[in-house]
Amino acid sequence: MESALERASEQGASDAQLRDLRAAQDQGELTFPELEEAVGRSLSCMRSADIPVIDATVDESAGYPRLDYAYGASSEGRSAEQTDALAQECLRTHSLYVETIYTSSPQVREARDVQLDQVREELVSCLEEAGLDVMADASPGSYDVRRQIC
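Residues numbered from 1 in each chain as written. Predicted model: local features only at pLDDT ≥ 70, side-chain atom pairs only at ≥ 80, totals over all residues. Heavy atoms only, no water.

S.K.: Hey, could you go over the side chain of Asp20 for me, with residue numbers and the actual values?
M.R.: Note on placement: Asp20 falls in helix 2 (residues 15-27). If near-sequence neighbours (up to four positions away) are discounted, Asp20 is found in contact with Leu30, Glu34, Ala38, Arg41 and Val98. (Helix = DSSP H or I, 4+ residues; strand = E, 2+ residues; numbered from the N terminus. Contact = heavy atoms within 4.5 Å.)

See the structure below:
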């Protein structure tokens, strides 16, 4: 957490994002409402720059609440590269570090563990049928890429 806070500060994170990160450091977690607020700031930044935005929706298919959102590949008077650079700046300034910390938070890791436990047997079987060596008691992170196969 300390290194993420330092990196965020060095790379121009907003005061609000730094505040969220410090609060997460003090509390030991970053909450979903804090994530929503930070992402909202990023999307607002993009809208202010006339970048088309698809608002965030909540997706719980991964076993924990996530935000799915998108922004346009181009914007009026800008190339795709310019638009993306501006959108990435909005993310870096307002929510990138909060999003990263949230996805590695204890409550998210626990939810992913629970979800994996529910499908572990089926997933291991599928991976073995695909010819992959699998440890049946592997951690959730070990399955992330392999889950795409099944």
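S.K.: Break down the pattern of salt bridges for me, citing the residues and quoting the values.
M.R.: Overall, the coordinates contain 7 salt bridges when judged by the stated rule. The partner of Asp20 in a salt bridge is Arg19, and the shortest N-O contact between them spans 3.6 Å. Asp20 gets classed as buried once you look at its relative accessible area, which sits at 6%. Taking the relative accessible area as the measure of exposure, Arg19 reaches 44% and is therefore partly exposed. (Salt bridge = Lys/Arg side-chain N within 4 Å of Asp/Glu carboxyl O. Buried < 20%, exposed > 50% of the residue type's maximum accessible area, 1.4 Å probe, protein only.)

S.K.: Which residues make up the packing of helix 3 (residues 32-48) against helix 4 (residues 80-94), and what are the values?
M.R.: Where helix 3 contacts helix 4, the axes come no closer than 8 Å and their chain directions differ by 150 degrees. Here helix 3 lies roughly antiparallel to helix 4, going by the angle between them. Viewed along their axes, helix 3 and helix 4 form a crossing whose handedness is right-handed. Between helix 3, through Ala38, Arg41, Ser42, Cys45 and Met46, and helix 4, the contact on the second element is made entirely by Ala87, Cys90, Leu91 and His94. Of the residues assigned to the contact of helix 3 with helix 4, the class counts are 6 nonpolar, 2 polar and 1 charged. (Axes fitted to C-alpha atoms, helices over the stretch in contact; angles between N-to-C directions. Parallel < 35°, antiparallel > 145°, perpendicular 65-115°, else oblique. Left-handed = near helix turned anticlockwise from the far one by under 90°. Nonpolar A, V, L, I, M, F, W, Y, C, P; charged D, E, K, R; others polar.)

S.K.: Tell me about the packing of aromatic side chains, and please be specific about residues and values.
M.R.: The description of an aromatic ring pair uses the distance of the two centres, along with the angle that the planes make with each other. The final tally for this structure, using the stated rule, is 2 aromatic pairs. For the pair Phe32 and Tyr102, a centre-to-centre distance of 6.0 Å together with 50 degrees between the ring planes defines the contact as tilted. Remark: Tyr102 occurs in helix 5 (residues 96-103) and Phe32 occurs in helix 3; sequence separation between them is 70 residues. With respect to class, Phe32 is no different from Tyr102; both count as buried. Among the aromatic side chains, those forming a connected cluster through ring pairs are Phe32, Tyr64 and Tyr102. (Phe/Tyr/Trp six-rings, centres within 6.5 Å; stacked < 30°, edge-to-face > 60°.)

S.K.: Explain the packing of helix 1 (residues 2-10) against helix 2 to me, using residue names and the numbers behind them.
M.R.: The geometry of helix 1 relative to helix 2 is characterised by a closest axis approach of 10 Å and an angle of 170 degrees between their N-to-C directions. Here helix 2 runs roughly antiparallel to helix 1, going by the angle between their axes. Within the contact between the two elements, helix 1 uses Glu2, Leu5, Ala8 and Ser9 and helix 2 uses Leu18, Leu21, Arg22 and Gln25. Partitioning the contact of helix 1 with helix 2 into residue classes produces 4 nonpolar, 2 polar and 2 charged.

S.K.: How would you explain helix 4 if you had to name every residue and give the values?
M.R.: Side chains three or four residues apart in an α-helix point the same way, a direct result of the helix having 3.6 residues per turn. Taking 1.5 Å per residue as the helical rise, helix 4 with its 15 residues ought to reach 21 Å, and the 21 Å between its terminal C-alpha atoms agrees with that figure. Against the buried residues of helix 4 lie helix 2, helix 3, strand 2 (66-71) and helix 5. (Expected span 1.5 Å × (residues − 1).)

S.K.: Can you explain the environment of Cys126? Please cite residues and give values.
M.R.: For Cys126, the position within the fold is in helix 6 (residues 106-129). What makes Cys126 partly exposed here is its relative accessible area of 26%. The spatial distance from the C-alpha of Cys126 to the C-alpha of Leu35 is 34 Å, given a sequence separation of 91 residues.

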